[in-house]
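Now for the letters of each chain:
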Amino acid sequence: MTEQPIDGAALLGEVESFHRRFNVFPREAAYVAVALWDAHAHLLDAFDSTPRLAFLSPEPGSGKSRALEIVETLVPHPMVAVNASAAALFRAVSGSEGRPTILFDEIDTVFGPKAGDNEELRGFLNAGHRRSGVTYRCIGDGGNQTVQAFPSYTGVAVAGLGSLPDTILTRSVIIRMRRRARNESVEPYRQRLHEKEGHVLRSGLAAWADQVRDQVRDAWPELPEGVTDRPADVWEPLLAVADAAGGDWPKRARSACVELVKASQVDDKGSLGIRLLTDLRDHIMVGVDRLPTIAVIDRLNALEDAPWADLQGKPLDSRRLARILAEYMTADNEPITSRNIRTSGGVLKGYYSTDLHDAWARYCPPPPQQPLQALPPLQPSSEHIPA
């Protein structure tokens, strides 16, 4: 007897509705992304990579843990991990009980500012992003130890306060959670009652995945314009799921992709170096082709909503400025360094915008659409720095 085809679009609609009953996400696109992520967890072997799902917020009580709890009812072999060691996780992933979907609550206790070093766990999470990812461990005793590769590829959803290391953040669908407003309400979640409903949907997703696995495995979904590199790796599996489901999901998925990728770029301040390059381009060297170091530092430290006046308790100085910029290259492939600038008061050390153009083009986000006003002309300084 031929198995009845399952309506993927309707099933994803039910998954989305299930989330809406218990979760208030910050934007409509988040409901689309999370429903697609739930479904993609049942199709991991059809993809080359799997995005992480990250529920993050600045404060407790924002619904992160509840969102993870609902995901738990919908994904295959959920494994709830709080402060789990890397060894426990890679043994679970390589075990014979079936690949788990790891749900990591309170991830800030692992990667937060007071968490200490967790390079081993970070390495596991990074390696597990790709289907080819493995974690190497020594097994055996004493001189009989051998190196064995343990598979690391598995679906991972996390929830926590603050942010995550860039190496994980750039591999994630990021949902920035907020506390519910007074006019926002959700249905109370009762595990004994509602978990069963989630499991029915989980079974439906598993059955649908079996029907479309070959179609998804051979799919190369069209990505929205401008979505490349890491964002493309993140969204390609989710778009493939949407295309297999049909209905309005392909359109909604691509709209959600564009919206969430743009949101992540706005939220992502990048490294300190990229922040410095961007502030120099957008605020400090607007309308000028060169600027003495003393003026660059004064203007950076005066910027509001910028880190320069308080870098671990100290303001930016010329040595740290030089050290950060020297990591980047000019168009001639030379480190960016200060050069002599002749002023009416003498010769000062400073920076030329031509030396920064190549780094601006390679590392900085697109410039603001509205050009910023140029800073007022620099007043001559009486302080001389020898050439």
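Before any of the text, the structure's been laid out above.
Before going into details, it helps to say that this report is about the structure given with it. (Residues numbered from 1 in each chain as written. Predicted model: local features only at pLDDT ≥ 70, side-chain atom pairs only at ≥ 80, totals over all residues. Heavy atoms only, no water.)

## Comments concerning the pattern of salt bridges
Here comes step 1: Taken as a whole and judged by the stated rule, the model has 18 salt bridges.
Here comes step 2: For the salt bridge of Arg20 with Glu16, the shortest nitrogen-to-oxygen distance reads 3.0 Å. Note that Arg20 and Glu16 are positioned in helix α1 (residues 8–22) at a spacing of four residues, about one turn of the helix.
Here comes step 3: Of the residues examined, Arg20 reaches a relative accessible area of 31% and is grouped as partly exposed. (Salt bridge = Lys/Arg side-chain N within 4 Å of Asp/Glu carboxyl O. Helix = DSSP H or I, 4+ residues; strand = E, 2+ residues; numbered from the N terminus. Buried < 20%, exposed > 50% of the residue type's maximum accessible area, 1.4 Å probe, protein only.)

## Points about the packing of aromatic side chains
Aromatic ring pairs are defined here through the distance separating the ring centres and the angle between the ring planes.
Here comes step 1: Taken as a whole, this structure holds five aromatic pairs when the rule is applied.
Here comes step 2: Relative to Phe22, the ring of Phe18 has its centre 5.3 Å away and its plane inclined at 80°; by these criteria the two rings are edge-to-face. Of the two residues, Phe18 and Phe22 both sit in helix α1, four residues apart, roughly one turn of that helix.
Here comes step 3: The buried category is assigned to Phe22, whose relative accessible area is 3%.
Here comes step 4: Aromatic pair Phe22 and Tyr189: ring centres 5.2 Å apart, planes at 80°, arrangement edge-to-face. Residue Phe22 is located in helix α1, and its partner Tyr189 is located in the loop between β7 (172–176) and α8 (191–217); the two are separated by 167 residues in the primary sequence. Each of the two residues, Phe22 as well as Tyr189, counts as buried.
Here comes step 5: One aromatic cluster is present, formed by Phe18, Phe22 and Tyr189 through successive ring pairs.
Here comes step 6: We note Arg20 situated over the ring of Tyr31; from NZ or CZ to the ring centre the distance is 4.0 Å. (Phe/Tyr/Trp six-rings, centres within 6.5 Å; stacked < 30°, edge-to-face > 60°. Lys NZ or Arg CZ within 6 Å of the ring centre and 35° of its normal.)

## Remarks on the sheet that holds strand β9 (residues 339–343)
Here comes step 1: Taken together, the three strands give an open sheet; going across it, the order is β8-β10-β9, and neighbouring strands pair in antiparallel fashion. With partners counted over all chains shown, the strands left at the sheet margins are β8 (290–292) and β9, one partner each. Along the sheet, successive strands turn relative to each other by an average axial angle of 55°, direction set aside.
Here comes step 2: Bridge analysis of β8 against strand β10 (residues 346–352) gives three bridges, and the strand direction is antiparallel. Bridge assignment links Leu291 to a residue of β10, and that residue is Tyr351. (Pairing = 2+ DSSP bridges. Axes fitted to C-alpha atoms, helices over the stretch in contact; angles between N-to-C directions.)

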